[in-house]
Amino acid sequence: MEKNVKKCLTIGGLSVVFWLLSLCVNGLVSERSAMSEAAQTEITETWSGAQNIVGPIICVPVRKDSVNSPLIGCMYFLPDRFDITADVSSEVLHRGMFDASVYRAQLNGSGTFNLKDVPETAYRHGYMPVAIRYEWDKAQLLTAIGDKRGIEDGIEVTVGGKKEKLTQNFNKYGVSDIASPFGYGYDVIGKIVDLCSYVGQEAVPFELSAEVKGSLELDIAPIGKGSVITMRGNSKDPSFSGMMLPSSRKVTDEDFEAVWKISSMNRNNVDQVFYSERSEREFQTIGTRLLVKGGQYTQTDRALKYAFLVILLSLCAVFVAEMCVKSEINILNYLLIGAALVLFYLMLLSFAEWCGFTVAYILSAVLIVGMVTLYLKAIIRKSSVAMAVCSFLALVDAFIYILLSIESMALLVGTIGLFVMLGIAMFFSLRMKRDMPDLRIIDN
């Protein structure tokens, strides 16, 4: 009895030692993950970063309502209605063995501007309002984007049937006090257009068309009094973000589609018409993070969190096999089997960089379980017991893979699994107690 208690304590100690060794593999996972992120940054720097799109917006320079007065600022008009659809095609670019998720998005939007009841005064610097005069022939159509490198052929905006291609930077009209209302983090592009013929119309129609490329995330600002934004694409694991979750969504193993319906009352206090000199406006956005599902480094890191459980159960299975055949397995054998269990995680990391996590997990499990089974068979010389241990190790690996696959229910399934394993351990402990007199006779 005392001998077996010592062996159990030794197995527990070895489990701790090999778990500590697995932490070294965890450090290697962090290092490779950092290298992967560096490669992704390098790719996105040459491709395009995350895109945040605001617009179109009409910017009209204004003067004091007096003869030959200078420009004093700009009046901005947001759409009354704004509907846009983004068709996103994701792809993976490679830099050596590392991957980066990028996308191309085709944007098609439409809506109306209200140019009927325009303000006749503006508050300059918070003081008393001054009467203003609009320069409609020098108006700008503006859009803002997170990274203008993602625009390959300009953005086309059609107003009242006339198509304009926006390819210019924000025009300050030669006045230093005039600044873009979009603020830091946006590239502003636009074009000066003549809108004189549309003044006084309550619903000036417009259309927007653009193809942009970016990486990781696509965000769009719902700038209309009423906005309907639709995103669809081939990303398998999109993550919706921003000021609101979609009103409706559909996510399958092949693609996704999400629809947001937002009114001006849902977003922060940005007026549909506002005067601006230097003050920036915060345009809230909705969007989608276009993720590569799981990621081999994230999955490997999660697998390592179960390393102590796997190592302990595996060594306990070997100990049970030792009890069944009533033949002692020495510490060197346990050390080699434990080393093989740690090697599993190193193989998993190595293979996952080349063939993906699922294939790497299956391949590593087959190789390590096969090696341990053959080694154990050579030690105990009983095929049935070795195959029983093999089946148990395969079952443990399958159970861990299921936990890694069902992220949302991993805690529940893991708890139930541990309950079952504890019950099995109690059952075998009772059998060992009944067999203990025979063991003492053999030892004597």
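Up top is the structure these notes are about.
To keep things clear, this report deals only with the structure shown in the data block. Please read these numbers as outputs of a predicted model, since none were measured by experiment.

## Looking at unusual backbone geometry
In this structure, Pro56 follows Gly55 across a cis peptide bond, with omega equal to 10 degrees. With respect to the secondary-structure elements, Pro56 resides in strand 1 (residues 51–64). Despite not being glycine, Tyr173 has its phi angle at roughly 55 degrees, a positive value. Mapped onto the secondary structure, Tyr173 falls in the loop between strand 10 (168–169) and strand 11 (187–193). Of note in the backbone geometry, Leu216 takes a positive phi value of approximately 70 degrees without being a glycine.

## Description of the packing of helix 3 (residues 307–325) against helix 6 (residues 383–405)
The contact between helix 3 and helix 6 brings their axes to 10 Å, and the two run at 165 degrees. Judged by the angle between their axes, helix 3 and helix 6 are roughly antiparallel. Both helix 3 and helix 6 take part in a crossing whose hand is right-handed. Two secondary-structure elements touch here, helix 3 through Leu309, Val310, Leu313, Ser314, Ala317, Ala321 and Val325 and helix 6 through Val385, Val389, Phe392, Leu393, Val396, Asp397 and Ile400. Across the contact of helix 3 with helix 6, the residue classes tally to twelve nonpolar, one polar and one charged.

## Focus on the sheet that holds strand 9 (residues 162–166)
The strand order 9-8-12-4-3-14-17-16 describes an open sheet built from eight strands, whose pairing is mixed. Two strands bound the open sheet, and with one partner strand each, they are strand 9 and strand 16 (248–251). The sheet shows a mean angle of 15 degrees between the axes of neighbouring strands, taken without regard to direction. Judged from the eight bridges that link them, strand 3 (residues 81–95) and strand 14 (residues 226–233) form a sheet pairing that is parallel. Bridging from a neighbouring strand, Arg81 pairs with Gly226 of strand 14.

## A word on the state of the cysteines
Under the counting rule described, the total for this entry stands at zero disulfides. Counting only cysteine sulfurs, Cys59 is the nearest neighbor of Cys196, a cysteine outside any disulfide, at a range of 14 Å.

## Observations regarding empty space enclosed by the protein
Leftover empty space is mapped by rolling, across the atoms, a probe with the size of a water molecule. Under the counting rule described, the total for this entry stands at five cavities of 30 Å³ or more. Taken as a whole, the largest cavity encloses approximately 100 Å³ of empty space. Tallying contributions element by element places helix 5 (residues 357–380) first for the lining of the largest cavity, with four residues. Among the residues forming the lining of the largest cavity, the class breakdown is ten nonpolar, one polar and one charged. One number sums up the size of the second largest cavity: a volume of about 60 Å³. Around the second largest cavity, the lining residues are Val159, Lys162, Glu164, Val193, Asp194, Leu195 and Tyr198. Residue composition of the lining of the second largest cavity, by class: four nonpolar, no polar and three charged.

## Digging into the nonpolar core
Val54, Leu107, Phe182 and Phe283 are the most contacted members of the largest nonpolar core, which totals 70 residues. Residues Ala39, Phe98, Leu315 and Val372 belong to the second largest nonpolar core, which totals 52 residues.

Reading the values: the criteria
Residues numbered from 1 in each chain as written. Predicted model: local features only at pLDDT ≥ 70, side-chain atom pairs only at ≥ 80, totals over all residues. Heavy atoms only, no water. Helix = DSSP H or I, 4+ residues; strand = E, 2+ residues; numbered from the N terminus. Axes fitted to C-alpha atoms, helices over the stretch in contact; angles between N-to-C directions. Parallel < 35°, antiparallel > 145°, perpendicular 65-115°, else oblique. Left-handed = near helix turned anticlockwise from the far one by under 90°. Contact = heavy atoms within 4.5 Å. Nonpolar A, V, L, I, M, F, W, Y, C, P; charged D, E, K, R; others polar. Pairing = 2+ DSSP bridges. Disulfide = S-S within 2.5 Å. 1 Å grid on protein atoms, 1.4 Å probe; cavity = no way out; pocket = protein on both sides within 12 Å on 5 of 7 lines; lining within 4 Å. Points joined across faces, edges and corners; volume = space filled by probe spheres on them. Core = buried A, V, L, I, M, F, W, Y, C linked by side-chain atoms within 4.5 Å. Buried < 20%, exposed > 50% of the residue type's maximum accessible area, 1.4 Å probe, protein only.

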